[in-house]
Amino acid sequence: MPFLEATRQLKVDVGGGRALFIHLTLVPYIATAGEVKTKPTQHSVKEMRSIGLQPDILICRSEIPIDQSSRRKIALFTNVEERAVISLEDADSIYKIPMMLHSQKMDAFIVERFGIECAPADLAEWQAVVDAEASSSSSVRIAMVGKYMELIDAYKSLNEALKHAGIYSRTKVDIRYIDSEKVHQEGAELLADVDAILVPGGFGERGIEGKIKTVRYARERKIPYLGICLGMQVAVIEFARHVASMDGAHSTEFDPNSPYPVVGLITEWQDETGEVEVRSTNSDLGGTMRLGAQKCRLETDSLTAAAYRKVIVVERHRHRYEVNTNLLPILQKAGLKVVGRSMDGSLVEVIEIENHPWFVACQFHPEFKSTPRDCHPLFKGFVRAALHYSRLDH
């Protein structure tokens, strides 16, 4: 209720000509009767009006297109213009929605209401996205190994970023969701039939050893690997243990007494404005994260720079722990390549490893900057690597 009241007050504050209410409702389809039911929408609008909210546009979700007579009925009993009652039936792709709304002139209605003079909408780029998604010529299987597999929407941004890369390369991306605890318990053979492996971010100790096993499987079998945030940290831990002979290597987040704390909590760093931020193990978890967009400098001869086609990139962060630079010389001597650092050179942002066709792990979250019209370079490179791997004779 507070949010609805704030919305009501907003329109009062800025004026009716500068605010517009769009209400999304469900119009159930009763298959046995072969008709839609408008009563729930009428009741929903009645409740909205009782607290001072009169919708300007109704978007009516349904399994089938809502016929003109039903839309007219909804308009009559909700005090909404008939042309502003929009039928939005189920679609097999979310990327078709903009065209569906445009076909009913919802965008023109909004522009008219606000008195905006502009050129007609050009949805050619959206149409290209839909066409590309529908005309995939190849397919790849990508394993996403994490700890929140009972709630797939926890990885929504990653799912979409992989889909965007698939759209760009006209490749159907089949994501296999694998619980990292199962990998630890049953073995990395669960990954035997995939073309690439992605280990996403996460918090807490549960499932960490399974993620480390996953990284080792990808590294030793030369399967394309993309590690994000914690996915980079477990890649460093795995490399330290099994390549650099640093037995017991770990992150201090999970083992404060590790003999080789290759990942640890840094106590201070410089943000984008030049201010020094400080944190400790007792600090508030949220308030001491390295958050937001920050610049990163890439090595020119790296897979990562080749993907971006530039050496200075800006990416978003959300983490507390960093690679321990004090132990980097040992790791680098063993073959770990630090190909991305913060602008002052103090923090590790991206790693790769030698003698692997595509092994990239980053501390930041590239998925946050991916769009269906312009997929993120790292995901583009990752899916391409998966496609190449799928065509090899194993």
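The preceding data block contains the structure.
About the thresholds
Residues numbered from 1 in each chain as written. Predicted model: local features only at pLDDT ≥ 70, side-chain atom pairs only at ≥ 80, totals over all residues. Heavy atoms only, no water. Helix = DSSP H or I, 4+ residues; strand = E, 2+ residues; numbered from the N terminus. Buried < 20%, exposed > 50% of the residue type's maximum accessible area, 1.4 Å probe, protein only. Contact = heavy atoms within 4.5 Å. Areas by Shrake-Rupley, 256 points an atom, 1.4 Å probe, with all protein chains shown as cover. Lys, Arg positive; Asp, Glu negative; His and termini not counted. Charge placed at Lys NZ, Arg CZ, Asp CG, Glu CD. Pairing = 2+ DSSP bridges. Axes fitted to C-alpha atoms, helices over the stretch in contact; angles between N-to-C directions. Phe/Tyr/Trp six-rings, centres within 6.5 Å; stacked < 30°, edge-to-face > 60°. Lys NZ or Arg CZ within 6 Å of the ring centre and 35° of its normal. 1 Å grid on protein atoms, 1.4 Å probe; cavity = no way out; pocket = protein on both sides within 12 Å on 5 of 7 lines; lining within 4 Å. Points joined across faces, edges and corners; volume = space filled by probe spheres on them. Nonpolar A, V, L, I, M, F, W, Y, C, P; charged D, E, K, R; others polar. Patch = residues over 30% accessible without salt bridge, like charges linked within 9 Å, V, L, I, M, F, W, Y side chains within 5 Å. Salt bridge = Lys/Arg side-chain N within 4 Å of Asp/Glu carboxyl O.

A.B. asks: Account for the overall build of the chain, with residues named and values stated.
C.D. replies: When helices and strands are counted, the chain shows 13 helices and 19 strands. Seen along its three principal axes, the alpha-carbon backbone of the chain occupies a region of about 75 × 50 × 40 Å. Within the chain, buried positions represent 48% of all 394 residues. Sequence separation of 24 or more characterises 67% of the internal contacts of the chain that already satisfy a separation of 6 or more. With an accessible surface of roughly 19,700 Å², the chain has 51% of that area assigned to carbon and sulfur atoms. Of the side chains in the chain, 48 bear a positive and 53 a negative charge, and the two mean positions are spaced by 3 Å.

A.B. asks: Hey, could you go over the sheet that holds strand 5 (residues 85–89) for me, with residue numbers and the actual values?
C.D. replies: Read across the sheet, 3 strands follow the order 1-4-5 without closing on themselves; strand pairing throughout is parallel. Two strands close off the open sheet at either side, each with one partner strand: strand 1 (22–26) and strand 5. Between one strand axis and the next, the sheet turns by 25° as a mean value, whatever way the strands run. In the packing of helix 2 (residues 39–50) onto the sheet, contacts are made with strand 1 and strand 4 (57–62), and the angle to strand 1 comes to roughly 145°. Helix-sheet contacts for helix 5 (residues 106–114) involve strand 1, strand 4 and strand 5, and the interaxial angle to strand 4 is about 165°.

A.B. asks: So what's going on with the environment of Met48? Residues and values would help.
C.D. replies: Mapped onto the elements of the fold, Met48 is located in helix 2. The buried category is assigned to Met48, whose relative accessible area is 18%. Residues Met48 and His23, spaced 25 residues apart in sequence, show a C-alpha to C-alpha distance of 9.2 Å. Not counting residues up to four positions away in its chain, the partners in contact with Met48 are Leu4, His23 and Leu53.

A.B. asks: Help me get a handle on the packing of aromatic side chains, residues and values and all.
C.D. replies: Scanning all chains against the criterion turns up 4 aromatic pairs. On the numbers, 4.6 Å between centres and 25° between planes, the contact of Tyr225 with Phe359 is stacked. Within this pair, whereas Tyr225 is found in strand 9 (residues 225–228), its partner Phe359 is found in strand 19 (residues 359–362), the two being separated by 134 residues in sequence. When the centroid spacing of 5.7 Å and the interplanar angle of 40° are considered together, the rings of Trp358 and Phe382 count as tilted. Taken as a pair, Trp358 in the loop between strand 18 (348–353) and strand 19 and Phe382 in helix 13 (residues 377–390) lie far apart in primary sequence, 24 residues in all. When its relative accessible area of 8% is taken as the criterion, Trp358 is described as buried. Looking at Phe382, the relative accessible area reads 0%, which means it is buried. Here Lys380 stacks its cationic end above the ring of Tyr168, 4.2 Å away from the centre of that ring.

A.B. asks: A description of empty space enclosed by the protein should follow, citing residues and the corresponding values.
C.D. replies: Tallying each qualifying case throughout the model produces 1 cavity of 30 Å³ or more. As a volume, the largest cavity reaches approximately 70 Å³. Looking at the lining of the largest cavity, the elements with two or more residues in it are helix 10 (230–242) and strand 15 (312–319). Taken together, the residues of the lining of the largest cavity break down into 4 nonpolar, 3 polar and 3 charged.

A.B. asks: Break down a nonpolar patch on the surface for me, citing the residues and quoting the values.
C.D. replies: Together, Val311, Ile312 and Met343 give the surface a local cluster of nonpolar side chains, amounting to about 190 Å² of exposed area. Looking at the element boundaries, Ile312 is found in strand 15.

A.B. asks: Kindly report on the sheet that holds strand 11 (residues 261–265), identifying the contributing residues and their values.
C.D. replies: Here we have 3 strands laid out as an open sheet, ordered 10-11-16, and mixed in their pairing. The strands lining the two open edges of the sheet, one partner per strand, are strand 10 (250–251) and strand 16 (321–323). As defined by bridge partners, strand 10 adjoins strand 11 across 2 bridges and the pair is classed as parallel. The residue bridging His250 from the neighbouring strand is Pro261, located in strand 11. On the sheet, helix 10 packs against strand 10, strand 11 and strand 16 and is oriented at approximately 150° with respect to strand 11.

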